[in-house]
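Structure at a glance
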Amino acid sequence: MRRRILQSTLLVVALTALVLGGPLAITTWQLVDDFDRAELTSRLEQVATRLEGPGEAVDVPGLELAVPAGGRLVLEQAGRPPLVIGADVGADPVTETLPLGSGGTATMQEPRAVLLGQQVQVTLVVLLLVVLSVAVGTVVATLTARRLAEPLRDVADRAARLGAGDFRSAPARHGIPELDAVSEVLDASAAALAELVQRERQLVGDVSHQLRSRLTALQLRLDELTTHPDPSARSEALAALEQAEKLAAVLDDLLEAARAARAAGAEPVDLRAGLEAVAQEWRPALRAAGRALKVRVPDGLLARVTPARIRESVGALLDNALRHGGGTVVIAARATEKSLVIEVTDAGDGVPEELVAHVFERGVSVGSSTGIGLALARALVEADGGRLELSRARPPTFTIFLPAARADDVVAPGRLPSSPR
């Protein structure tokens, strides 16, 4: 996009320079010729005024003052021999002739090289100005292309991240009404999708819990019926118990398939590079609030997650620390026997006691925020088979447990899947 905008603008600038620069150079060349001849004519008029008195001697020293440097004056008067004042002007000089009142003529000549030198100088100045205008147009075209292309790229990246599961809003606007309108729509869509994901996750959890509870109760009742003294009743109870167990297995398979579908984009992610990229994104906002952000992640930690989801979940925790926490924010990671652990902590007052049990519930907030950030973060982490917990209320420490990458998982050479944009 940027290249096409730049090429189009430069083409217009080049055509404008060609259409205007060529005629302007030709016109300038002719104007210099006209001005030079007008100057010679003016000098001839001065000579004529000195020769107005008939029969008077010619004032040669006075006439020499009217002759241009390197030029020549030729006077032809009736009854007098031609008078030549000045040097030889060579072949093909620039010549202007003025009739005199006594029937003679005065001819002023100038070397052609003098006129050509003036024409070349002035024309070069004009062409230099044309080149300068093209250079200025190129700079303006480059800046304009960048100003238009970068917002378009940002909007496209925002849409791509939204499709990948990154539902964070982008408060930055570009000053272009049409693109800002698209950004507003993307933010509204992100909020709607975040709410939809949270509701879907909550619905799946509620349905799973309710079905498992009912199936467990049904299996217990059927298990009791298997001890019934009536053989036919006992046989039917065993058949029903077998069907209940199959139904429980089908439920497990469906839930596992749903988890696998949600984690379809999971890939090996270098946590150090990924978390540092998230930190770079949030440092300006924390710095503006007079706070610092530190990352303490050792090398070699590879988690199998969806890059957009881990960015979104960690970003939600950093946003929570920015809004409700205080002091330095620290992102730390380590490996345990069964998983990888990411901890986000700050030096704030922590989570109020009455909110500790409800901090991940949708709509729960201690401030004016929407209260869906932490709920969405937990849903995204769980979608990749992980777990998000509040491991300490004061100072607040949120802990993410992630599955480690398998031994046969390989990060593509030269590529960090977790790097944003």
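Think of each chain on its own: its residues are numbered from 1, step by step along the sequence as written. Owing to the predicted nature of the model, reporting of local features is limited to residues with pLDDT of at least 70; listing and counting of side-chain atom pairs is limited to 80 or more, with chain, interface and lining totals taken over all residues. To obtain the side-chain values, all non-hydrogen atoms of the structure were included, while hydrogens and water were left out.

Convention followed: UniProt positions are given in the numbering used here, feature names are shortened, and annotations may be inferred rather than shown by experiment.
In the nomenclature of an unreviewed UniProt entry, the protein corresponds to Signal transduction histidine-protein kinase/phosphatase MprB from the organism Pseudonocardia broussonetiae. Taken verbatim from the UniProt record of the protein, the Catalytic activity (unreviewed entry) comment is "ATP + protein L-histidine = ADP + protein N-phospho-L-histidine." Recorded in UniProt for the protein, the comment headed Subcellular location (unreviewed entry) runs: "Cell membrane".

What to know about the confidence of the model for the protein
Note the following rule: The pLDDT value expresses, per residue, how confident the predictor is, ranging between 0 and 100. The way it works is that DSSP assigns letters per residue, a run of H or I at least four long becomes a helix, a run of E at least two long becomes a strand, and they are numbered from the N terminus. The contact rule is simple, with two residues in contact once any of their heavy atoms fall within 4.5 Å.
On average, residues of the protein score 80 in pLDDT, and 86% of them are at 70 or above. Within the protein, strand β9 (residues 340–345) carries the highest mean pLDDT (94), whereas helix α4 (residues 177–225) carries the lowest (77). Across residues 412–421, confidence stays below pLDDT 50; counting only partners more than four residues off in sequence or on other chains, it has 21 contacts.

Overview of the pattern of salt bridges
Applicable threshold: Salt bridge criterion: a side-chain nitrogen from Lys or Arg within 4 Å of a carboxyl oxygen from Asp or Glu. Throughout this description, buried means an accessible area under 20% of the type-specific maximum (1.4 Å probe, protein chains only), exposed means over 50%, and partly exposed covers the range between.
Throughout the structure, instances matching the rule amount to 12 salt bridges. A salt bridge links Asp 33 to Arg 37, with the nearest nitrogen and oxygen atoms 3.1 Å apart. Here Asp 33 and its partner Arg 37 are both found in helix α1 (residues 2–50), 4 residues apart, which amounts to about one turn of the helix. Residue Glu 276 pairs with Arg 283 through a salt bridge whose shortest N-O separation is 2.9 Å. For Glu 276, a relative accessible area of 27% puts it in the partly exposed group. The class for Arg 283 is buried, based on a relative accessible area of 16%. Here the residues in one salt-bridge network are Asp 33, Arg 37 and Glu 96, joined through shared partners.

Quick word on helix α6 (residues 271–288)
Put simply, the rule is: Multiply 1.5 Å by the residue count of a helix minus one, and that product is the helix's expected span. Between N or O atoms, a polar contact is any pair within 3.5 Å; within protein, one atom must be a potential hydrogen donor and the other a potential acceptor, and residues adjacent in sequence are included only when both atoms are from side chains.
Over its 18 residues, α6 extends 26 Å from the first C-alpha to the last, a length consistent with the 26 Å expected when each residue adds 1.5 Å. Restricting attention to buried positions, one finds in α6 the residues Leu 271, Gly 274, Leu 275, Ala 277, Val 278, Ala 279, Trp 282, Arg 283 and Leu 286. A side-chain oxygen of the first residue of α6 lies 3.0 Å from the backbone nitrogen of Arg 272; this N-cap is Asp 270. Gly 290 occupies a position one or two residues after α6 and carries a positive phi of about 75°.

So, the packing of helix α7 (residues 307–324) against helix α8 (residues 373–383)
For the record, the criterion: Axis angles are defined between N-to-C directions and span 0 to 180 degrees, where every axis is a line fitted to C-alpha atoms and, for a helix, only to the segment in contact. Angle categories: roughly parallel below 35 degrees, roughly antiparallel above 145, roughly perpendicular from 65 to 115, and oblique for all the rest. Note: crossing handedness is left-handed where the near helix turns anticlockwise from the far helix by less than a right angle, and right-handed where it turns clockwise. Under the scheme applied, nonpolar residues are Ala, Val, Leu, Ile, Met, Phe, Trp, Tyr, Cys and Pro; charged residues are Asp, Glu, Lys and Arg; polar residues are all the others, including Gly.
Two numbers describe how α7 lies on α8: the axes approach to 9 Å, and their chain directions differ by 155°. By the criterion of interaxial angle, the relationship of α7 to α8 is roughly antiparallel. Relative to α8, α7 is oriented so that their crossing is left-handed. Between α7 and α8, the contacting residues are Arg 309, Glu 312, Ser 313, Ala 316, Leu 317 and Asn 320 on the first element and Gly 373, Leu 374, Leu 376, Ala 377, Leu 380, Val 381 and Ala 383 on the second. The residue inventory of the contact of α7 with α8, partitioned by class, reads 8 nonpolar, 3 polar and 2 charged.

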